[in-house]
Every structure is written in structure tokens, then in C-alpha cells.
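The lines below spell out each chain.
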Amino acid sequence: MTEKNAGVLWAGRLEEKPERSAFSFQSSIGFDKRMALEDVRGSRAHAAMLGKQGVIAAEDAAALDEALGKIAQGLQTGEVTVDEGAEDVHSFVEGLLTEALGDAGRSVHAGRSRNDQVATDFRLYCKRVGDAVRAALKDTINVLLDRAGEHAETLMAGFTHLQRAQPVTLGHQLTAWAAALSRDAGRFSDALARMDECPLGSGALAGTTLPLDREAVARDLGFARPALNAMDAVADRDFALELAAACAVTQTHLSRFCEDVCLWASEEWAFVDLGEKWSTGSSIMPQKKNPDFAELVRGKTGRVNGNLIALLTVMKGLPYAYNKDLQEDKEALFDSLDTVLANLRVFSGFMGNAVFNKVKMEASCAGGFLEATDVAEYLVKKGMPFRKAHECAAHIVRDCIDKGLKRIGEAGLADLQKHSPLIEADIFAKITPRACVEARNLPGGPAPDEVRRQIAVLRDAARDI
Ligand code: ARG
């Protein structure tokens with residue numbers, strides 16, 4: 001290693017080093033330092049295997065193990081600080097080993113390339129943080145299910161086209177949200193299961209002539225198996241794409257929930273009070289209490305969806321196998337994972353504390369003829385074909401509007417019978433908001449007992465997340 005190029009791993013080939021700003025342009029230490037513990041873990045497994053296979057001396061393997069243990073500890077306590085001048089986290093850790101052990105440190109990279117090293121570190125990181133996202137999803141699902149259970153009987157207008165549609169319950173809607181997050185947890189689990197292969201031993205792209213034990217390293221690092229093909233192992237970033245996509249779908253769900261929460265928190269709807277701890281004020285308008293947390297969760301979706309497109313674009317047209325473009329994979333995914341984790345915590349925080357206004361919610365079921373479908377179905381049950389029943393109920397609604405009535409139940413029986421002789425006095429009990437909800441007791445419906453069943457199904461599924 002020349003004096004000029006001291007500290008880089010490729011000094012033997014290039015005597016000159018890029019000038020400082022160019023070097024820092026291509027350096028990744030500023031962000032891949034997050035994977036320092038994963039890098040140390042991978043190096044430990046690799047070094048131990050090199051020792052067992054006789055590629056390096058047993059004493060060197062033991063010395064490496066001890067030094068790597070100390071580095072891991074030092075990183076955790078803060079005694080070891082990352083050298084921001086290093087090219088990347090891999091050079092930094094190898095540099096520490098060489099500094100501490102001399103030639104034993106120089107022996108650790110046998111049969112390894114930074115290409116398989118970074119693919120391994122990144123997968124280990126994704127497995128760790130992916131599990132944290134799954135845990136946060138589980139917590140959030142449970143918060144929503146708790147609230148859904150409390151409000152299985154709380155009547156509320158359900159909306160389509162942002163127009164009041166049919167009576168449901170708050171519990172029905174919160175369970176819908178939990179169902180979406182439950183699928184998200186499944187997406188993370190699927191991605192994590194598919195990425196459970198260890199790239200180490202793939203080298204730069206073509207493996208190695210050294211007698212490595214790839215199975216042992218994979219086992220040691222907690223992977224299900226070694227990656228099948230060395231070229232695929234260093235070129236593949238499907239795992240990052242899949243996680244970025246799972247983050248984008250989750251965040252898109254959160255943005256939709258938060259849009260509803262923002263509407264519900266408005267004075268016009270007044271369905272929910274988020275409380276002072278989960279609101280912020282205005283610098284000019286003294287009266288304001290804004291749902292900034294829900295707005296920001298909604299807004300953060302922009303960056304998470306952007307990260308997915310950024311990653312897809314980095315991968316598009318990239319020739320096999322490794323190219324430095326792949327270094328661009330990390331910041332995008334780190335940001336998506338950080339954002340989703342933080343957003344799940346904030347969302348479950350304000351949802352757990354939200355105070356729902358049952359009176360306002362119930363009032364939203366009155367006055368919009370939300371029972372019109374129930375009138376049509378009443379007629380169907382009496383033998384009328386649905387299309388005719390739909391028309392008949394529509395005429396009843398028009399008639400009520402003309403008469404200034406707010407609900408079909410306010411009309412007299414004789415007036416209703418003018419539209420169809422099939423209508424009898426029993427209709428009135430069947431078209432109150434509560435009756436409309438309770439009669440919808442098929443699987444998937446909003447009837448309180450049915451929603452309680454749905455809650456139990458999702459609760460069971462959450463146990464396995
Ligand atoms: N910092 C690099 C990355 O994140 C590590 C791999 C470098 N490999 C190489 N052949 N330059 O991808």
C-alpha cells in the first residue's frame with residue numbers, strides 16, 4: 001500500500017487516490033455505517049469458517065474472533081467510533097482488524113468480496129429491521145382491534161364517493177383498516193422469507209477457489225441456506241425492492257386511514273377528538289387545533305413511494321453482476337423502513353388515544369336516506385325483482401325529499417304503500433340505522449357480532465406476526 005493511497009483496499013492497483021471531494025462522492029460510510037454490527041457479524045462467521053477450513057491459521061481465526069467481538073462491543077458502547085473518512089463500512093472494519101492484528105487482520109478477506117459482503121450485510125440489516133416493522137404492524141393491528149371491539153356497536157355512516165352510503169359501525173371500519181395492515185404484515189413476512197439466503201462465499205461474482213464452507217456460514221448467520229448462484233447473489237436486490245414495495249403499500253394504507261382521521265377531526269364532521277397531546281396549534285390563529293400528526297403520516301407517503309421508484313430505477317437496465325450503482329440501494333430503503341416504523345408508532349399512538357364522538361357518528365346515519373338500500377331489499381324479500389325494487393325505493397326517496405322528510409321512516413304507511421302494496425307496517429322497524437346494521441350479519445358484514453368474529457380472526461392472525 002503506497003503512502004498516497006493509504007487506507008483503501010485497492011491501493012495495490014491504483015497508486016493515486018481520488019481527490020478528497022471525489023473520494024467522498026463515492027464513499028458510502030456516511031450511511032452504510034448503520035450496518036456496522038451486521039458487517040462485524042458477517043466477518044466473524046467468515047473468519048471462524050476460514051479457520052475451521054484451514055484457509056487461515058487457527059490462532060489467526062481466534063484472534064480475529066476476539067478482535068471482532070471487541071469491535072462489536074465498542075460500537076455498542078460508543079467506544080469505537082466510525083471513521084467517516086473510510087470508503088465504506090467494510091473497509092472500516094477490515095482496517096480496524098489490520099490495525100489491531102496486523103497480518104491476521106489482512107487475512108480476513110480471503111474468499112470474500114465487498115460485493116457478497118454488502119449483499120450479506122444488507123440482508124442481515126433488512127431481516128432485523130423488517131422484523132421490527134412486523135412487530136410495529138402487530139402492535140398497530142392490536143390497537144385498531146381494541147378500538148374496533150370497543151366500538152362494535154357505535155353506529156356511523158359508511159361512505160362511498162365521500163358521500164354517506166349506508167349505516168355501518170366504527171368497529172366495522174377500524175376492522176377494515178386492521179385487515180389491510182394484516183396483509184401488509186404478510187407482505188413483509190413473504191419478503192423476509194424469500195431473502196433468507198446467504199450471499200457470502202459468492203465473492204465478486206464467481207465464487208472462489210478456496211475451500212469455503214458456505215453452509216456453515218449461512219447457518220452461523222441465521223440464514224436458511226446459502227444463495228444458489230454467485231452471480232445472482234451479488235446482483236440481486238429483489239429483497240430491497242420487495243421491502244420497499246411492502247413499505248409503500250403499508251404507507252399508502254396509513255395515508256388513507258389518516259385522510260379519514262383528518263376529515264373526522266374537522267369541526268364539520270366532529271367524529272373524533274385527537275386530544276391535545278396528538279394535535280398542534282397555529283402560530284397566528286389562536287383557535288386552531290390541527291391534526292398535524294395524521295397529516296404528516298399521510299404526507300410521508302410521498303417519500304416512501306418515491307423510494308420504491310428510485311430503487312426500481314436504479315435496478316432498471318443494470319448489467320450483471322455488481323455495479324457501483326447498487327450502492328444507491330441503501331439510503332432509499334433505510335428511509336422507507338425508518339419512515340414506516342415511525343409512522344406506525346405515531347398512528348397507533350393517536351388511534352389508541354382518540355376519543356370518538358358517538359353522538360355525532362350516530363347522527364351521521366340520519367338524514368341521508370342511508371336506509372334506501374334496505375327498503376329495496378325489503379321489497380326483494382317480498383318477491384319484487386331487485387331492479388324494480390331499486391326504482392321503487394328511489395321514488396320513495398324522491399317523494400320524501402319533495403315532502404321535506406329526512407328519513408324514509410318519517411313517511412306514513414299509506415304514502416309508502418302508494419309506491420308498492422308489498423310494503424307493510426313491519427318496514428319501519430327494519431329501516432332504523434341499528435336495524436340496517438344488525439341485519440347485515442353475513443360474513444364480512446357490519447353487524448356487531450359479525451364484526452366481533454372478524455376481530456377474533458385478525459387477532460388470531462396477529463398472534464403469528
Ligand atoms: N459500498 C459498496 C456498496 O454499497 C460496497 C461494495 C463495493 N464493491 C465494489 N466492487 N466497489 O455497494
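Our structure's up above, just so we're on the same page.
Residues numbered from 1 in each chain as written. Predicted model: local features only at pLDDT ≥ 70, side-chain atom pairs only at ≥ 80, totals over all residues. Heavy atoms only, no water.

Draft legend 1. Fine view of the overall build of the chain. Each helix and strand in the chain was counted, giving 20 helices and six strands. With respect to the three principal axes, the spread of C-alpha positions in the chain is 100 × 55 × 40 Å. In the chain, which comprises 465 residues, the proportion classed as buried is 49%. The contacts of the chain with a sequence gap of at least 6 include a subset with a gap of at least 24, amounting to 74%. For the chain, the exposed surface amounts to about 22300 Å²; the carbon and sulfur share of it is 53%. Placing the 56 positive and 67 negative side-chain charges of the chain at their respective mean positions leaves the two points 5 Å apart. (Helix = DSSP H or I, 4+ residues; strand = E, 2+ residues; numbered from the N terminus. Buried < 20%, exposed > 50% of the residue type's maximum accessible area, 1.4 Å probe, protein only. Contact = heavy atoms within 4.5 Å. Areas by Shrake-Rupley, 256 points an atom, 1.4 Å probe, with all protein chains shown as cover. Lys, Arg positive; Asp, Glu negative; His and termini not counted. Charge placed at Lys NZ, Arg CZ, Asp CG, Glu CD.)

Draft legend 2. Region of interest: the site of the ligand. With respect to spatial proximity, the complete set of residues near the ligand consists of S28, D32, D88, H90, R114, N115, V118, Y322, Q327 and K330. Here a nitrogen atom of the ligand sits 3.0 Å away from a polar atom, N or O, in the side chain of S28. Its residues placed into classes, the shell around the ligand shows two nonpolar, four polar and four charged. (Near = heavy atom within 4 Å. Polar contact = N/O pair within 3.5 Å; in protein donor to acceptor, adjacent residues only side chain to side chain. Nonpolar A, V, L, I, M, F, W, Y, C, P; charged D, E, K, R; others polar.)

Draft legend 3. Inspection of the nonpolar core at higher detail. Counting 73 residues, the largest nonpolar core has W177, W264, L337, F347, F350 and M351 as its most contacted members. At the level of elements, α7 (114–150), α8 (170–194), α11 (238–265), α12 (292–315), α13 (329–353) and α20 (448–463) are the ones that each hand at least two residues to this core. No other element matches α11, which puts 15 residues into this core. Here M351 is in contact with V143, L144, R147, L174, W177, V261 and F356, once residues within four sequence places are set aside. Residues A47, A86, V93 and F223 belong to the second largest nonpolar core, which totals 30 residues. (Core = buried A, V, L, I, M, F, W, Y, C linked by side-chain atoms within 4.5 Å.)

Draft legend 4. The arrangement of the pairing of strand β1 (residues 155–160) in detail. Strand direction decides the pairing type here: β1 and strand β2 (residues 163–169), joined by six bridges, are antiparallel. When the bridges of β2 are listed, L155 appears paired with T169. The antiparallel hairpin formed by β1 and β2 contains two residues in its connecting segment, where H161 sits at a positive phi of about 55°. (Pairing = 2+ DSSP bridges.)

Draft legend 5. Molecular detail of a nonpolar patch on the surface. On the surface, a cluster of nonpolar side chains totalling about 320 Å² of accessible area is made up of L205, M231 and Y320. Tracing the backbone through its elements, the reader meets M231 in helix α10 (residues 230–235). (Patch = residues over 30% accessible without salt bridge, like charges linked within 9 Å, V, L, I, M, F, W, Y side chains within 5 Å. Salt bridge = Lys/Arg side-chain N within 4 Å of Asp/Glu carboxyl O.)

Draft legend 6. Broad picture of the packing of aromatic side chains. Scanning all chains against the criterion turns up 14 aromatic pairs. Taken together, a centroid distance of 5.5 Å and an interplanar angle of 75° make the contact between F122 and F239 edge-to-face. You can see F122 sitting in helix α7 and its partner F239 sitting in helix α11, a full 117 residues away along the chain. Three or more aromatic residues joined by ring pairs make a cluster, and in this case those are F159, W177, F257, W264, W269, F271, W278, F293, F347, F350 and F356. Stacked on the ring of F223, the Lys or Arg K127 has its end atom at 4.4 Å from the ring centre. Positioned above the aromatic ring of F122, the side-chain terminus of K330 is 5.4 Å from the ring centre. (Phe/Tyr/Trp six-rings, centres within 6.5 Å; stacked < 30°, edge-to-face > 60°. Lys NZ or Arg CZ within 6 Å of the ring centre and 35° of its normal.)

Draft legend 7. Examining the packing of α11 against α13 more closely. Where α11 meets α13, the closest approach of the two axes is 10 Å, and the angle between their N-to-C directions is 30°. Here α11 is positioned roughly parallel relative to α13, judged by the angle of their axes. Note on packing geometry: the crossing formed by α11 with α13 is left-handed. Taking contact as the criterion, the partners of A240, L243, A244, C247, T250, Q251, L254, F257, C258 and V261 in α11 are, on α13, L333, S336, L337, T339, V340, N343, L344, F347, F350 and M351. (Axes fitted to C-alpha atoms, helices over the stretch in contact; angles between N-to-C directions. Parallel < 35°, antiparallel > 145°, perpendicular 65-115°, else oblique. Left-handed = near helix turned anticlockwise from the far one by under 90°.)

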